[in-house]
Amino acid sequence: MAKSEPTSLAQFGYAQELKRSLSLFDLVVYGLVSIDVISPFSIFGLVFNASHGMVPFIYVVGIMAMAFTAMSYATMSRAFPMAGSVYSYAGRGIGEVAGFIAGWAILLDYILIPTLVYVVCAIAIQTVIPSVPRFVWIVLILSFNTAVALSGIEPAARMNRLFLFLQLAFLTLFVVLAGIAIAHGVAHLSAAPFFQPGLITPGLIFGSLSIAVLSFLGFDGISTLAEEARGDALIGRATLIALFAAGALFILQTYIASLFVGVARFPPGEATDAAFYNVAGAVGGPAFKFIAALSKVLFAGAAVALAAQVATARLLFGMARDRKLPRFLSHVHPRRKVPDRAIIFVAIVTLLLGFALANQLELLTSMVNFGALTGFLMLHASVIVHFVWRQRSRVWLRHLVAPLVGFTIVAYVLLNMAAPAKIAGLAWLAIGIAGLIGLKLTGRRATLPA
């Protein structure tokens, strides 16, 4: 299999420059770290209130909803096994302009995710050690992750395994302590978190889903490692495995947490924002509550930021290689086989944005989601155009029904985002379109290799 990979990439006009060393296990681990298997911690209270306590039920629906997007990633990764994610898929599935718009849109997600995570980590650490300025923590964590990313894809993969192990160890401890508490009568098993027929309505489901679906963002980053995987088929398989594995963990942890909630609705503010951490305190006491917060910051936050930096650098590499971004970003280190200049560029941009947007967490989060969801829309459209329109495929389920359902779900969530996020996101797209026009006016068509 490995010997055939350079040929499959060469048929699209590219040389094999990155190192193919990632196994299916490595890709799945990367996907789980990118998603963040303890991501429900941050939004548990919000989803609980929106769903009237049926948080695990909403995550079941979320898995089914995001599965359509994962299927589209799997389909396009087989057709176009190259770095660049939705940029490559839309560019080759629909056309050059569509590819640029898709890549530019999801670049908003990829660039801002590490910024958001570093700021959140710095704020959390500063609450424990207030004497150290926030920017110091941003610089320290960013420097560590950048060094790991520059050292090669294999060291980054090993670091991902460590981060994932620590997250899973915490979740295991949470389940064990919760089981002990239930055995002592602190809480009782119930089916209510999964199903309350008198309360379920389409508005409740989709309103809650518009919040909960944010936990799943990140699995798409696997597609950026296509040129470093040992086989073309691994990307699609890893994407689906990571999505369903993360979803199962989401359901487990939110079901257990729901059993320890003693209110019908959390009051707004701190009670909602820190709902999961308060549950952790009820399960294991104040010390375990502190460990839960620390796990979210160190084990999950730093891991997600590293994964986002790796993915963003690959996206920049793919776009720069096609001359849709400055050419210097396509440089590959001759020994480590990583896009070193793109990695450094991401680090610089992240540092600047971290300083500029340190007090704009809500806007940052919304803009990240806008970029990701817009990229997903272009992904689903590329499946339909490439297979049904161009190739006249009659595989209706995979090439028409699945992407059409996925497109509809994503569009609904996108339309229901807050107005400031949509304004900021549309402004970002306008800047990208202006840049594309600039490319055209200077005579650089930046066509994709045949």
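Up top you'll find the structure we're talking about.
A brief report on the enclosed structure follows. (Residues numbered from 1 in each chain as written. Predicted model: local features only at pLDDT ≥ 70, side-chain atom pairs only at ≥ 80, totals over all residues. Heavy atoms only, no water.)

So, about the pattern of salt bridges. With the rule as written, the count across this model stands at four salt bridges. Ionic pairing is found between E154 and K19, a salt bridge with its closest N-O pair at 3.2 Å. Of the two residues, E154 is situated in helix 8 (residues 153–183) and K19 in the loop between helix 1 (5–10) and helix 2 (24–35); the sequence distance between them amounts to 135 residues. Residue E154 is classed as partly exposed on the basis of its relative accessible area of 30%. For E228, the salt bridge identified is with R314, shortest N-O distance 2.8 Å. Taken as a pair, E228 in the loop between helix 9 (202–212) and helix 10 (233–259) and R314 in helix 12 (residues 275–321) lie far apart in primary sequence, 86 residues in all. Each member of the pair, E228 as well as R314, carries the same accessibility label: buried. (Salt bridge = Lys/Arg side-chain N within 4 Å of Asp/Glu carboxyl O. Helix = DSSP H or I, 4+ residues; strand = E, 2+ residues; numbered from the N terminus. Buried < 20%, exposed > 50% of the residue type's maximum accessible area, 1.4 Å probe, protein only.)

Moving on to empty space enclosed by the protein. Taken as a whole, this structure holds three cavities of 30 Å³ or more when the rule is applied. What the largest cavity holds in volume is close to 100 Å³. Those elements giving two or more residues to the lining of the largest cavity turn out to be helix 2, helix 6 (96–128) and helix 12. If one sorts the elements of the lining of the largest cavity by residue count, helix 12 sits on top with four residues. The calculated volume of the second largest cavity comes to roughly 60 Å³. (1 Å grid on protein atoms, 1.4 Å probe; cavity = no way out; pocket = protein on both sides within 12 Å on 5 of 7 lines; lining within 4 Å. Points joined across faces, edges and corners; volume = space filled by probe spheres on them.)

With respect to the helices and strands, the residue S34 is situated in helix 2. In this structure, S34 is in contact with L217, G218, V304 and A307, ignoring residues within four places of it in sequence. (Contact = heavy atoms within 4.5 Å.)

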